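Structure assessment
Chain by chain, the residues:
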Amino acid sequence: MNFSDMEENTRLQQLTDFKNIFNDSVNVLSTCVRKAIPYIYEDDLQGFITAFMPMMFGLHPYTSATPKQLKAMELAGCSYRKTTVSDLVINVTVKLLS
């Protein structure tokens, strides 16, 4: 989701509600990482969060290409490898926390 599109098409209260939920998700993710890696430095945790959360917003196109997108990639000579959200999240999490 593009934040500028969201901002232009929502009321302030809806945007505030979204930010509250987003903040809750960051806190839950931080708690999970701290449980899995109790010795993680705060700077490393924040670095992980800063890299991980934007990646989450970009998952959909990699896992749900429409027929029109697939055709455009074919015509452009682009390769498309079918994958799942789980596979992408696991791969990036392991790489970011290694």
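The preceding data block contains the structure.
Residues numbered from 1 in each chain as written. Predicted model: local features only at pLDDT ≥ 70, side-chain atom pairs only at ≥ 80, totals over all residues. Heavy atoms only, no water.

Topic: the packing of aromatic side chains
Cut-off, in case you're wondering: The rule is short: rings of Phe, Tyr and Trp, with Trp giving its six-membered ring, pair when the centres are within 6.5 Å, and they are stacked under 30 degrees, edge-to-face over 60, tilted in between. Helix and strand definitions here come from DSSP, where helices need a minimum of 4 consecutive H or I residues and strands a minimum of 2 consecutive E residues; each element is numbered from the N-terminal end. We call a residue buried when its accessible area falls under 20% of the maximum for its residue type, exposed when it is over 50%, and partly exposed in between, using a 1.4 Å probe and counting protein chains only.
One pass over the full model with this rule turns up 3 aromatic pairs. Seen in terms of ring centroids, F18 and F22 are 6.3 Å apart; in terms of plane orientation they differ by 25 degrees. Their pairing is stacked. Placement of both F18 and F22 in helix α2 (residues 12-36) is noted, with a separation of 4 residues, approximately one turn of the helix. We classify F22 as partly exposed; its relative accessible area is 26%. Clustering of aromatic rings is evident, with ring pairs tying together F18, F22 and F57.

Overview of the side chain of S30
For clarity, the cut-off: Every residue pair with non-hydrogen atoms within 4.5 Å of one another is taken to be in contact.
Mapped onto the fold, S30 is located in helix α2. According to the relative accessible area criterion, S30 is buried, its value standing at 7%. Apart from residues lying up to four places away in sequence, S30 is in contact with L45 and I49.

As for the environment of S86
With respect to the secondary-structure elements, S86 resides in helix α6 (residues 85-97). Separated by 27 residues in the primary sequence, S86 and L59 place their C-alpha atoms 10.0 Å from one another.

Description of helix α3 (residues 42-57)
Test applied: By this rule, a helix spans an expected 1.5 Å times one less than how many residues it contains. When we speak of the arc, we mean the arc of directions from the helix axis to the C-beta atoms.
Between its first and last C-alpha atoms α3 spans 23 Å; for 16 residues at 1.5 Å apiece the expected length is 22 Å, and the two agree. Of all the residues in α3, the buried ones are L45, F48, I49, F52, M53 and M55. Down the axis of α3, the buried side of the element spans an arc of 155 degrees, and every buried residue falls inside it. With respect to the buried face of α3, the exposed residues turned more than 90 degrees away are D43, T50 and P54. Where α3 is buried, its residues contact α2, α4 (59-63) and α6.

Quick word on the nonpolar core
This is how it is decided: Definition used in this section: a nonpolar core is a set of buried Ala, Val, Leu, Ile, Met, Phe, Trp, Tyr and Cys residues joined via side-chain atoms within 4.5 Å.
By size, the foremost hydrophobic cluster in this structure holds 14 residues, and its most contacted members are L29, V33, F48, I49, F52 and M53. Residue assignment for this core shows that the elements contributing at least two residues are α2, α3 and α6. The element contributing the most residues to this core is α3, with 6 residues. Leave out the neighbours within four places in its chain, and V33 touches I40, L45, F48 and L97.

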